[in-house]
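Descriptive analysis of the structure
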Amino acid sequence: APDPLITEVQDWASGLGEGVDATPYGLPIQFESDVVRRNVEWLTADTISSINFTPIHALDGTITPQGCAFERHHSGAIELRKEDYRLMINGLVDSPLVFTYADLERFPRQNRVYFCECAANSGMEWAGAQLNGAQFTHGMIHNMEYSGVSLRTLLEEAGVSPEGKWVYVEGADASSNGRSIPLDKAMDDVLVAFKANGEALRKEHGYPVRLVVPGWEGNMWIKWLRRIEVMDQPVESREETAKYTDTLADGVSRKWTWEMDAKSVITSPSPQAPITHGKGPLVITGLAWSGRGAITGVDVSLDGGKNWQAARLAAPGTDKALTRFYLDINWDGSEMLLQSRARDSSGYVQPTKAQLRAVRGLNSIYHNNAIQTWWVTANGEAENVEVS
Amino acid sequence: EKYGLGRPALPEEVAAWDLDVAPDGTGLPAGSGDVFAGEEVFAEKCAVCHGDFAEGVGNWPKLAGGQGTLDHDDPLKTVGSYWPYLSTTWDYVNRSMPFGNAQSLSADEVYAITAYILYSNDLVDEEFVLSNETFMDVELPNADGFILDDRLEAEKHFWNPEPCMADCKDSVEITMRALVLDVTPEEDSTGAPAETAPPDESAAEQVFDETVETTAVPDPELVAKGEKAFKKCKACHQVGDNAKSKTGPILNGIVGAPAGHAEGFRYSKAMKTAAEGGLVWDEAELAAFLAKPRKYMKGTKMSFAGLKKDSDIEAVIAYLQSYSQ
C-alpha cells in the first residue's frame, strides 16, 4: 500500500517550524533524548564522587559531543569563573609564576584531537561479562579536539631547574585531585586546554582550563587545573598509590601504568543497538584507539575469534585519538559472536581476556583492554558474553 | 623563548597552595596528634562515611582491615593493607577531607586522624603520638608491594607483527553471559538503579539450621535498643530474612551457636582454631568478644574496636537473640 507519509500532506510540510533563536544554544532534537550519559548506581557511594558513561552505542564518527561525554568527578563539578581563574607554576623553577586566563590566551596555541579514557573503563568486566551495553562496558571514553597551550611553553616561561624531574599537577576543586607526571611527558605533548570541539570546556570537563595528557589514563587529565609544581620526586598522591594501581594475582601491584593500551569495541550492533532490519546489508561499526600511537588496523570476527577480516578505517588512524571502523556485510540472519581487535603503530595487538588474565589475574580493576564479544542472535538482539 | 606573560608568584601564595607532602616527609608542617584525640575527631568528622572504626559505611571507602588479602579474590585495599606511604594519608586527609568540607582541618587534627587510622589498622598502639618528628618512623605494611609498570616486558607477547587471521581456534563456546547477572541499569528510565547487587557482593547465603536453645524471651525494649546499637555492626554484618554473609558472617542464630558456623564465610585462622576448640557463642563469650574483639581473640578479622557500654553489649545480644530462629 502507498505510504501515507508520502501520499498525504504532513503538518511539517504545510505549517511552519520554529524561528531562529527559539533555542539560542541548541539541544539535540527531542527524538534523540535517549542518547545521554548514564550512571551505574551500584558502582559508587553517591554521584558527587562518581562516573557516568558516554552513549558510544548511539554515536558515529569520532568526535564526542561535550554534552554526552562521560563525566568523572572526585568532589563534584565546580563552577569557576574565568575571571577567578589562576594557574600557578612553582617548585624547581627559575621564577614561580601566576597566570590568569587572559594570560593563557596570549601564548601560541595548538589544536589537537585526543581520546580521554578512564583507567577503569571496562573495569567491571575483569572477572566476567557483567554489564550489557557498549555504553557501560566501554563508555568511560571521549574524544575531542582541544585548543590550548603546550605545557612545555608554560614550563619554559617559568624556567625548569636541572634537578626538576617531575611535575605535580592539581585541580582547584575540593578533591584537589593531583597526579605526578614525569618531566619528559610534560615537555612532550601535554596541553593546557581551554576549548574542546571549538567551544569552552563544559563545567563537568574542567571549565575554564584542564590538562590534556594524550594517551595516558584520564585521571591524570586534571580538571580546573590550578597548580603545576616542578619536583625532583613524585608526590605519590592517593590517586597514584591507593587508586589507579593494578594489583596482580600474587598481590603485588603495578604502579605508574600511565599508557592506555590499544583497544577497540563494536558499538553497533551491540546490546543497546540491536539489529532491527533482519537479514541483508548490515553495517558493523566501532571505535579503536591506542595510547601508544595511532591505530593501524582493526580486525573483525563474526565467529568469536576463530576467523578475522580486516575492517575499513573511516580515516587513517591518528596519534592517540579515536579511529572509526566499518565492516559492511550481507547478514544471513544466523547468530554471530562479534569481536574487534585493534592494532597500533607500536605493533601492539589487542589481547583476549584470557591472555590478559594469564598475565594479570582477576583483581586488576584498571587497564582492561581485552577483546569484547557481543553474541548477536537470529532475532538481531545482542548480549555481552565471554567465549572460550 | 620567553613571552613575558604572567607575574611572579608571591611566597604567601605559594605557601597557600603548595600543600602536598611527599613520601620522605617533604611538605609536612609542624604539629602532632595522638590516637585518643584522633578517635574523637574521626567520630565527629569522618565516621559518617568511614564508620566509627574506619571500617567504611555502605559503598564509602574502608580505611582499615584487609591485611593479607591482596592475593585473594576481591582484595580489601585500605591504608593498612594497601597504601604504601603514610604521607599519602596525611596529604589526602589534609587537602581533600572531610568530604564536602575540605581544607578545614588543623595540622594537629590531621596528625590525630592519621594516628587513629593507623591504630584502626593495628599498626600502632593506643599510646601512639604522630608528629612531624615521629612521622618517618612509621612504615606501612605494603610499602614494598609495588613494582613499576612492566607491561613492555611482562606483556611483550602482545606486540605481535602477524596476528592469526584464520582458523585461530578449534571451537568457540559461550562461557559467561551478562544477562545472567542482570546488573545493567534499565535503558528507558534515566539512570534507574539495577535491582541486583553486583556479583562480588553476594557471598554464600547460609542460614543456621541448628535448633538454638534460648534462655529467655528477649525484652522488646532491650531488642529495640539493640537494633540501634547494631548500626555500628551493620557495615559488615546482616541479620534477618534476607541476610547474607558480607564483610562479616551472617548473624542469624549466632547466640548459642558454635563459633565459625556461617558456611562459606572465610573466617580468620584465630576463629577457626577457636571453633575447633569448641567455642560456643553463649551470652558471656559474646559479651567479652564485643567489648574488645581484638583483645578477646588475637587475629580476628573483625576490625571493630568494641562496644564501650555494657548496656549496649547487652542490648545487641538481645537483638541478635531475637533472630535466633
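Keep in mind that what you see is a predicted model, and the values were worked out from it rather than measured.

With the rule as written, the count across this model stands at 23 aromatic pairs over all chains. Connected via pairs of aromatic rings, a cluster forms that spans Trp-166, Trp-216, Trp-256 and Trp-258 of chain A. Positioned over the ring face of Trp-308 of chain A is Arg-341 of chain A, at 4.2 Å from the centre of the ring. In this structure, Lys-77 of chain B packs its charged tip against the face of Tyr-82 of chain B, placed 4.5 Å from the ring centre.

All names here are of chain A. Here chain A is partitioned into domain 1 (73–128 + 141–254) and domain 2 (263–385). Distance between the C-alpha centres of domain 1 and domain 2: 30 Å. Each partner contributes residues to the interface: domain 1 has 27 residues there, and domain 2 has 22 residues. Roughly 2,300 Å² is buried in total at the junction of domain 1 and domain 2, and carbon and sulfur atoms are behind 53% of that figure. A per-residue breakdown of the area domain 1 buries against domain 2 is headed by Phe-115, Glu-125 and Trp-126, which together make up 32% of the total. Put simply, domain 1 and domain 2 have two salt bridges between them.

Before going further, it helps to spend a moment on the state of the cysteines. Put plainly, two cysteines are in a disulfide when a covalent bond ties their sulfur atoms together. This model, assessed by the stated rule, comprises one disulfide over all chains. One disulfide in the model links Cys-164 of chain B with Cys-168 of chain B; its S-S distance is 2.2 Å. Torsion about the S-S bond of the Cys-164 of chain B and Cys-168 of chain B cystine: about -100°, corresponding to left-handed handedness. Exposure remark for Cys-164 of chain B: the relative accessible area of 36% places this residue in the partly exposed category. Cys-116 of chain A provides the cysteine sulfur closest to Cys-68 of chain A, a residue in no disulfide bond, and the two sulfurs are 14 Å apart. Of all cysteine sulfurs, the one in Cys-49 of chain B lies closest to Cys-46 of chain B, which takes part in no disulfide; the gap is 9.1 Å. Judged by its relative accessible area of 11%, Cys-46 of chain B falls in the buried class.

In this section: the pattern of salt bridges. In the structure shown here, the tally under the stated rule is 38 salt bridges over all chains. Here Asp-299 of chain A makes a salt bridge to Arg-341 of chain A, at a shortest N to O gap of 3.0 Å. Of the two residues, Asp-299 of chain A sits in strand β18 (residues 295–301) while Arg-341 of chain A sits in strand β22 (residues 336–344), which places them 42 residues apart along the sequence. In terms of burial, Asp-299 of chain A and Arg-341 of chain A fall into one category: buried. Among the ionic pairs, Glu-153 of chain B bridges to Lys-156 of chain B, the shortest N-O distance being 3.1 Å.

Attention now goes to the domain arrangement of chain B. Accessible area lost on assembly of the parts is the figure often given for the size of an interface. Structurally, chain B comprises domain 1 (19–137) and domain 2 (220–321). The centre of domain 1 of chain B, based on its C-alpha atoms, is set 26 Å off from the matching centre of domain 2 of chain B.

All names here are of chain B. The N-to-C vectors of helix α2 (residues 35–45) and helix α5 (residues 107–120) enclose an angle of 95°; their axes lie 7 Å apart at closest approach. The orientation of α2 with respect to α5, classified from their angle, is roughly perpendicular. Across from Val-35, Ala-37, Gly-38, Glu-39, Val-41, Phe-42 and Lys-45 in α2, the residues of α5 making contact are Glu-109, Ala-112, Ile-113, Ala-115, Tyr-116, Ile-117 and Tyr-119. Its residues placed into classes, the contact of α2 with α5 shows ten nonpolar, one polar and three charged.

It is worth spelling out the sheet that holds strand β5 (residues 97–100) of chain A at this point. Pairing is mixed across the open sheet formed by six strands, whose spatial order is β9(A)-β8(A)-β13(A)-β4(A)-β5(A)-β1(B). Where the open sheet ends on each side, the last strands, each with one partner, are β9 (178–182) of chain A together with β1 (7–8) of chain B. For strand β4 (residues 86–91) of chain A and strand β13 (residues 225–231) of chain A, the ladder comprises four bridges, and the chain directions are parallel. Its bridge partner lying in β13 of chain A, Met-88 of chain A is registered against Arg-227 of chain A.

This part takes up the interface of chain A and chain B. Between chain A and chain B, the contact holds 103 residues from the first and 82 residues from the second. Note on chain A versus chain B: buried area summed over both sides is about 7,800 Å², and carbon and sulfur give 54% of it. Of all residues in chain A, Trp-42, Arg-238 and Lys-306 of chain A bury the most surface against chain B, accounting for 8% of the area lost on that side. Inspection of the region where chain A meets chain B yields nine salt bridges. Put simply, Arg-254 of chain A and Glu-155 of chain B hold a salt bridge, and the shortest N to O gap is 2.9 Å. Counting every contact that joins chain A to chain B gives 54 residue pairs in polar contact (both at pLDDT 80 or more). At five residues, strand β24 (residues 382–387) of chain A tops the list of elements feeding residues into the side of chain A that touches chain B. A breakdown of the residues in the side of chain A that touches chain B according to their chemical character gives 40 nonpolar, 34 polar and 29 charged. In this structure, β24 of chain A lies alongside strand β5 (residues 174–177) of chain B, joined through three bridges in antiparallel fashion. When the bridges of β5 of chain B are listed, Val-387 of chain A appears paired with Ile-174 of chain B.

Strand order in the open sheet formed by three strands is β14(A)-β15(A)-β4(B), with mixed pairing between adjacent strands. The open sheet has two free edges, formed respectively by β14 (246–247) of chain A together with β4 (146–148) of chain B, since each of these has just one partner strand. Here β14 of chain A pairs with strand β15 (residues 253–255) of chain A via two bridges, running antiparallel. Bridged to Asp-246 of chain A within β15 of chain A is Arg-254 of chain A.

Criteria and thresholds
- Residues numbered from 1 in each chain as written.
- Chains lettered and ligands numbered in written order.
- Predicted model: local features only at pLDDT ≥ 70, side-chain atom pairs only at ≥ 80, totals over all residues.
- Heavy atoms only, no water.
- Phe/Tyr/Trp six-rings, centres within 6.5 Å; stacked < 30°, edge-to-face > 60°.
- Lys NZ or Arg CZ within 6 Å of the ring centre and 35° of its normal.
- Domains from an automatic or database assignment.
- Contact = heavy atoms within 4.5 Å.
- Buried area = accessible area lost by both parts, 1.4 Å probe.
- Salt bridge = Lys/Arg side-chain N within 4 Å of Asp/Glu carboxyl O.
- Disulfide = S-S within 2.5 Å.
- Buried < 20%, exposed > 50% of the residue type's maximum accessible area, 1.4 Å probe, protein only.
- Helix = DSSP H or I, 4+ residues; strand = E, 2+ residues; numbered from the N terminus.
- Axes fitted to C-alpha atoms, helices over the stretch in contact; angles between N-to-C directions.
- Parallel < 35°, antiparallel > 145°, perpendicular 65-115°, else oblique.
- Nonpolar A, V, L, I, M, F, W, Y, C, P; charged D, E, K, R; others polar.
- Pairing = 2+ DSSP bridges.
- Polar contact = N/O pair within 3.5 Å; in protein donor to acceptor, adjacent residues only side chain to side chain.

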